[in-house]
Amino acid sequence: MGKKSRVKTQKSGTGATAVVSPKEMMSLISELLQKCSSAAPAPGKEWEEYVQIRALVEKIRKKQKGLSVMFEGTREEYFSELMAWAQESGASCDGFQVANFGDEGFGLRATRDIKAEELFLWIPRSMLMTVESAKNSVLGPLYSQDRILQAMGNVTLALHLLCECSEPASPWLPYIKTLPSEYDTPLYYEEEEVRHLLGTQAVQDVLSQYKNTARQYAYFYKVVQVSVCVCVFCEGASRIVWTLYP
């Protein structure tokens, strides 16, 4: 079982770069926001725009390297803690177990016969991270003030996750510590991998998703930095947001 003390924030000496001034970082963020908010490029120029945006993103990631909140060990080491938390919270924990399905990743494997239409898995709403729980968290004041955040439930949940990840006493830590650290979706592709999609119908969606995600990051970075109500979390949020949106 994982221990609550097994969390660390990488700092200088563990891969971190020199401390970046807030002014320098805000300048990069503003440049990224401006680039991602510009009009759609002329036909045939989409790839050039993507390369420019990606260069800015990578520059920001390099400045923030080594400053992410991290949990020691592997996801598997925290599954027992996750199940213990689920049981204590009133979720069903019988009839299945967490299992590794190889290339398909982790999932639930039945440990007994399950009848058709049988209810065998339930989770109390109190265990869920939702927009409502975000509104009742430290993120609440920011949510109430920012209309764009109110209209984007996915971003609200992402910021909610970041805040709770940075909070040692968060009730959701047993769940958060079992989340993947990376994914194999196009948003996580390297530039050369995306280049292989050129000439396919998928490439426009990939480039658009990357641009939109970068724009959202830049916008909310600026919002969080100037919001006093979440200032205690702003540095932590800016450090690890690229773990979710590289």
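Every residue gets a number counted from 1 within its own chain, in the order that chain's sequence is written. Predicted model: local features are reported for residues with pLDDT of at least 70 only, side-chain atom pairs are reported and counted for 80 or more only, and whole-chain, interface and lining totals are derived from all residues. In computing side-chain values, all of the structure's heavy atoms are included and hydrogens and water are not.

## Structural notes on the overall build of the protein
Moving on, step 1. When helices and strands are counted, the protein shows 11 helices and four strands.
Moving on, step 2. Burial classes follow relative accessibility: with a 1.4 Å probe on protein chains only, a residue under 20% of its type's maximum area counts as buried, one over 50% as exposed, and anything between as partly exposed. In the protein, which comprises 246 residues, the proportion classed as buried is 37%.
Moving on, step 3. Should any heavy atoms of two residues lie within 4.5 Å, those residues are considered in contact. A fraction of 72% describes how many contacts in the protein between residues 6 or more apart in sequence connect residues 24 or more apart.
Moving on, step 4. Residue-level accessible areas treat just the shown protein chains as cover; the underlying method is Shrake-Rupley with a 1.4 Å probe. Here the protein displays about 14500 Å² of accessible surface, and carbon together with sulfur accounts for 53% of that area. For the purposes of this entry, the term helix denotes a DSSP run of H or I that reaches at least four residues, the term strand denotes a run of E that reaches at least two, and both are numbered from the N terminus.

## A closer look at the nonpolar core
Moving on, step 1. With 24 residues, the main nonpolar core has Ile29, Leu32, Ile53 and Ile60 as its most contacted residues.
Moving on, step 2. Those elements that provide at least two residues to this core are helix H1 (22-37), helix H2 (46-64) and helix H10 (203-226).
Moving on, step 3. Sorting elements by how many residues they give to this core places H10 first, with eight residues.
Moving on, step 4. When neighbours within four sequence positions are excluded, Ile53 is seen to be in contact with Leu32, Lys35, Cys36, Tyr210, Lys211 and Ala214.
Moving on, step 5. In terms of nonpolar packing, the next biggest core, distinct from the first, is built from 16 residues, Leu82, Trp85, Cys93 and Met127 among them. What is meant by a nonpolar core is a set of buried Ala, Val, Leu, Ile, Met, Phe, Trp, Tyr and Cys residues, joined one to another through side-chain atoms within 4.5 Å.

## Considering the environment of Gln97
Moving on, step 1. When you line up the elements, Gln97 lands in strand E3 (residues 96-100).
Moving on, step 2. Overall, Gln97 belongs to the partly exposed group, its relative accessible area being 39%.
Moving on, step 3. Counting along the chain gives 13 residues from Gln97 to Ala110, while the straight-line C-alpha distance between them is 6.5 Å.
Moving on, step 4. Those residues in contact with Gln97 that lie beyond four places of it in its chain are Gly107, Leu108, Arg109 and Thr111.

## Focus on the side chain of His160
Moving on, step 1. Tracing the sequence through the fold places His160 in helix H7 (residues 153-165).
Moving on, step 2. Exposure remark for His160: the relative accessible area of 0% places this residue in the buried category.
Moving on, step 3. In the analysis that follows, any N or O atom pair within 3.5 Å is treated as a polar contact, provided that within protein one partner can donate a hydrogen and the other can accept it, and provided that, for residues neighboring in sequence, both atoms belong to side chains. At a separation of 3.0 Å, a polar atom in the side chain of His160 contacts the side chain of Ser133.
Moving on, step 4. In contact with His160, other than residues within four places in its own chain, are Met129, Thr130, Ser133, Ala134, Ser137, Leu139 and Trp172.

## Concerning a nonpolar patch on the surface
Moving on, step 1. Residues Leu108, Leu121, Ile123 and Leu128 make up a contiguous nonpolar surface patch of roughly 320 Å² in combined accessible area.
Moving on, step 2. Here Ile123 shows up in the loop between strand E4 (106-110) and helix H4 (131-135).
Moving on, step 3. Assessed through its relative accessible area of 48%, Ile123 is described here as partly exposed. Two distance rules govern patches: like charges are joined within 9 Å, and nonpolar side chains (Val, Leu, Ile, Met, Phe, Trp, Tyr) within 5 Å, applied only to residues with over 30% relative accessible area and no salt bridge. In the sections that follow, a salt bridge refers to a side-chain nitrogen of Lys or Arg positioned within 4 Å of a carboxyl oxygen of Asp or Glu.

Keep in mind these values describe shape, not function.
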